[in-house]
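# Structural characterization, general
Given next are the chains, with one letter for each unit.
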Amino acid sequence: MAPTTEFPLGPRELVAMMAALMALNALAIDAILPAFPALGEAFSVTDPNNRQYIISSYLMGMGLGSLFYGPIGDRFGRKPVLLFSVAMYVVFGLACAFAPDFDTLLLLRFAQGFSAAAMGVLVVSVIRDIFSGDRMARFMSIIFIVFMAVPVIAPTVGQLILYFAEWQFIFILLTVMGTAVGVWVFLRLPETLKPENVIPIRLDTIGSTWFKVVFNRTGFGHVAAGGLLMGAMFGFLNSSQQIFSEVFGAREIFPYAFAAVAGSMALSNWFNSRIVERFGARRVSQSALLAFLVLSAMQIGAALIPGEPMALFLAIVALNMAMIGFIGANFGSIAMEPFAKMAGAASSFQMAFRTVLGTAIGAFVGQAFDGSTLPMALGFLVCGIAALAVIFWAERGKLFARPGTCPKSPM
């Protein structure tokens, strides 16, 4: 596809840039996982489950920060807000390296996540500015493919740093990567917000937009279902290091096992990008949700096996994460379909709700870790059942439907 004269950035570079912005969040979350034991020792964290708050604090900051960046991006444009977000990500990431105690580290992680929230919200807004419908879902899937390369390699990168340096250098890596992406955005990204879609920052306008988002049955239903499944994913993320270290006694292979799980999500997003325009976002995502339920039941069965084999656990959880790969971008695209003229504020509220819900559920699942994989497996099944019920409500009982032809996109 060739870009139009109005949009000088080619689709490949656009996808790569948006993926890089989203990947900064993934890097901040996943690269630190192998450092949990070192951080626990450095800050005298006696309860291993409490180390999970290093992840949850960042995610909660992202969720709450998402409320603000959409309206700001709708008023001042996508590019300046993205540049500010990256700059603050760099500042707080560097500050984390010099945190004097655990509470300060959690506060700085929250601030870094809060700052970085724009990189999730406004990436969706940029893509919604240009694409719509199943085509938007396809491009979001392509972005997720590139983005998911980071969770595949981030724990390994973090582990490699720990072989040669202290945990502080993981945060220094975040500052270097954030600076590089910020320079790229500054030099190459054009503004995608059309002048006629600029929305002044007014509390009544923001409140009206949020009201429309909440009371749009299809949109809100897919946001809520996405948050429930995100909770399952965050539950695995929070407890994954402990599962491989304490349940299976395989701390040394954790980065590679995590890479296999993340790789399954990347692969499913690639397949989704190839099939979503043919079969429709609803058919693909709802089929994957049903498969997620079956796999979650299998995960519980595996957890109840005495001496659960690590290979069996890894195989099932990788397949389950692959199903989330088929669901996430599609649910997000369906939820954004009605909001072309308020994409920033709509995606802001949606991401905030989805992330806060997912973080809260994920923290609950993670804190339930008891030395086995059963709490995580139960969390998967409960989240899946709840998500299916919400989708059934959102679609008024009619699953696997496909809407009419979507408007053409300019790229």
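Here goes a summary of the coordinates provided. (Residues numbered from 1 in each chain as written. Predicted model: local features only at pLDDT ≥ 70, side-chain atom pairs only at ≥ 80, totals over all residues. Heavy atoms only, no water.)

## Description of the overall build of the protein
The criterion, for reference: Under the DSSP-based scheme used, a helix requires at least four consecutive residues in state H or I and a strand at least two consecutive residues in state E, with every element numbered from the N terminus. Burial classes follow relative accessibility: with a 1.4 Å probe on protein chains only, a residue under 20% of its type's maximum area counts as buried, one over 50% as exposed, and anything between as partly exposed. Any two residues whose heavy atoms approach within 4.5 Å at even a single point are treated as in contact. Note on areas: Shrake-Rupley, 1.4 Å probe, and residue coverage restricted to the protein chains presented here. Within this scheme the basic residues Lys and Arg register as positive and the acidic residues Asp and Glu register as negative, but His and the chain ends are omitted. A charged residue contributes its charge at one atom only: NZ of Lys, CZ of Arg, CG of Asp or CD of Glu.
Across its full length, the protein carries 15 helices and zero strands. In the protein, which comprises 411 residues, the proportion classed as buried is 59%. When contacts within the protein are restricted to residue pairs at least 6 apart in sequence, those whose partners lie at least 24 apart make up 86%. Accessible surface, the protein: about 16,100 Å² in total, of which carbon and sulfur atoms supply 70%. With 25 positive and 21 negative side-chain charges, the protein shows a separation of 15 Å between the mean positions of the two kinds.

## Digging into the packing of helix α7 (residues 149-164) against helix α11 (residues 254-279)
Short version of the rule: Throughout, an axis means a line fitted to C-alpha atoms (over the contacting stretch in the case of helices), and angles, computed between N-to-C directions, take values from 0 to 180 degrees. Should an angle fall under 35 degrees it is called roughly parallel, over 145 degrees roughly antiparallel, and 65 to 115 degrees roughly perpendicular, with every other angle called oblique. What makes a crossing left-handed is the near helix being turned counterclockwise from the far one by less than a right angle; a clockwise turn instead makes it right-handed. Amino acid classes used here: Ala, Val, Leu, Ile, Met, Phe, Trp, Tyr, Cys and Pro are nonpolar; Asp, Glu, Lys and Arg are charged; the rest, including Gly, are polar.
One can describe the packing of α7 onto α11 by two numbers: an axis separation of 7 Å at closest approach and a directional angle of 165°. On the basis of the axis angle, α7 is roughly antiparallel to α11. The crossing of α7 and α11 is right-handed. Between α7, through Pro-151, Val-152, Pro-155, Thr-156 and Gln-159, and α11, the contact on the second element is made entirely by Pro-255, Tyr-256, Phe-258, Ala-259, Ala-262 and Gly-263. Tallied by class, residues from the contact of α7 with α11 come to eight nonpolar, three polar and no charged.

## Focus on empty space enclosed by the protein
Threshold: A pocket here means an open set of points on a 1 Å grid, computed over the protein atoms alone, that has protein on both sides within 12 Å along at least five of seven lines. A cavity is instead a set of points where a 1.4 Å probe fits but cannot get out; residues with an atom within 4 Å of a point line either one. Grid points are joined across faces, edges and corners, and a volume is the space filled by probe spheres set on the points.
Under the definition given, this model contains three cavities of 30 Å³ or more. Roughly 940 Å³ of volume is contained in the largest cavity. In this structure, the largest cavity is lined by 43 residues; those nearest its centre are Phe-144, Phe-147, Met-230, Met-233 and Phe-234. Listed by contribution, the elements that provide at least two residues to the lining of the largest cavity are α1 (11-30), α3 (53-76), α5 (102-130), α6 (133-147), α10 (217-247), α11, α13 (310-336) and α14 (343-367). Examining the composition of the lining of the largest cavity, we find that ten residues originate from one element, α13, more than from any other. Partitioned by chemical class, the residues of the lining of the largest cavity number 29 nonpolar, twelve polar and two charged. Considered as a void within the structure, the second largest cavity measures approximately 50 Å³ in volume. What lines the second largest cavity is Pro-71, Asp-74, Ile-199, Pro-200, Ile-201, Thr-205, Ile-206, Thr-209 and Ala-345. Contributions of two or more residues to the lining of the second largest cavity are made by α3 and α9 (203-214). Among the elements that take part in the lining of the second largest cavity, α9 stands out by supplying three residues, more than any other. Tallied by class, residues from the lining of the second largest cavity come to six nonpolar, two polar and one charged.

## So, the nonpolar core
Counted only if it meets this: Throughout, nonpolar core names a set of buried Ala, Val, Leu, Ile, Met, Phe, Trp, Tyr and Cys residues whose side chains join them through atoms within 4.5 Å.
By size, the foremost hydrophobic cluster in this structure holds 120 residues, and its most contacted members are Leu-14, Met-18, Leu-21, Ile-32 and Tyr-89. Examining the composition of this core, we find that 15 residues originate from one element, α5, more than from any other. Not counting chain neighbours up to four residues away, the residues in contact with Tyr-89 comprise Leu-24, Ala-28, Tyr-58, Gln-112, Ser-115, Ala-116, Met-119, Leu-174 and Gly-178.

## Re a nonpolar patch on the surface
To keep things clear, this is the line we draw: Patches here are clusters of residues that have more than 30% relative accessible area and form no salt bridge, with a 9 Å joining cutoff for like charges and a 5 Å cutoff for nonpolar side chains (Val, Leu, Ile, Met, Phe, Trp, Tyr). One side-chain nitrogen of Lys or Arg within 4 Å of one carboxyl oxygen of Asp or Glu is enough to make a salt bridge.
Residues Leu-160, Tyr-163 and Phe-164 make up a contiguous nonpolar surface patch of roughly 400 Å² in combined accessible area. Considering the arrangement of structural elements, one finds Leu-160 in helix α7. Relative accessible area serves as the criterion here: at 43%, Leu-160 is assigned to the partly exposed category.

Everything listed is a geometric property; what it means functionally is a separate question.
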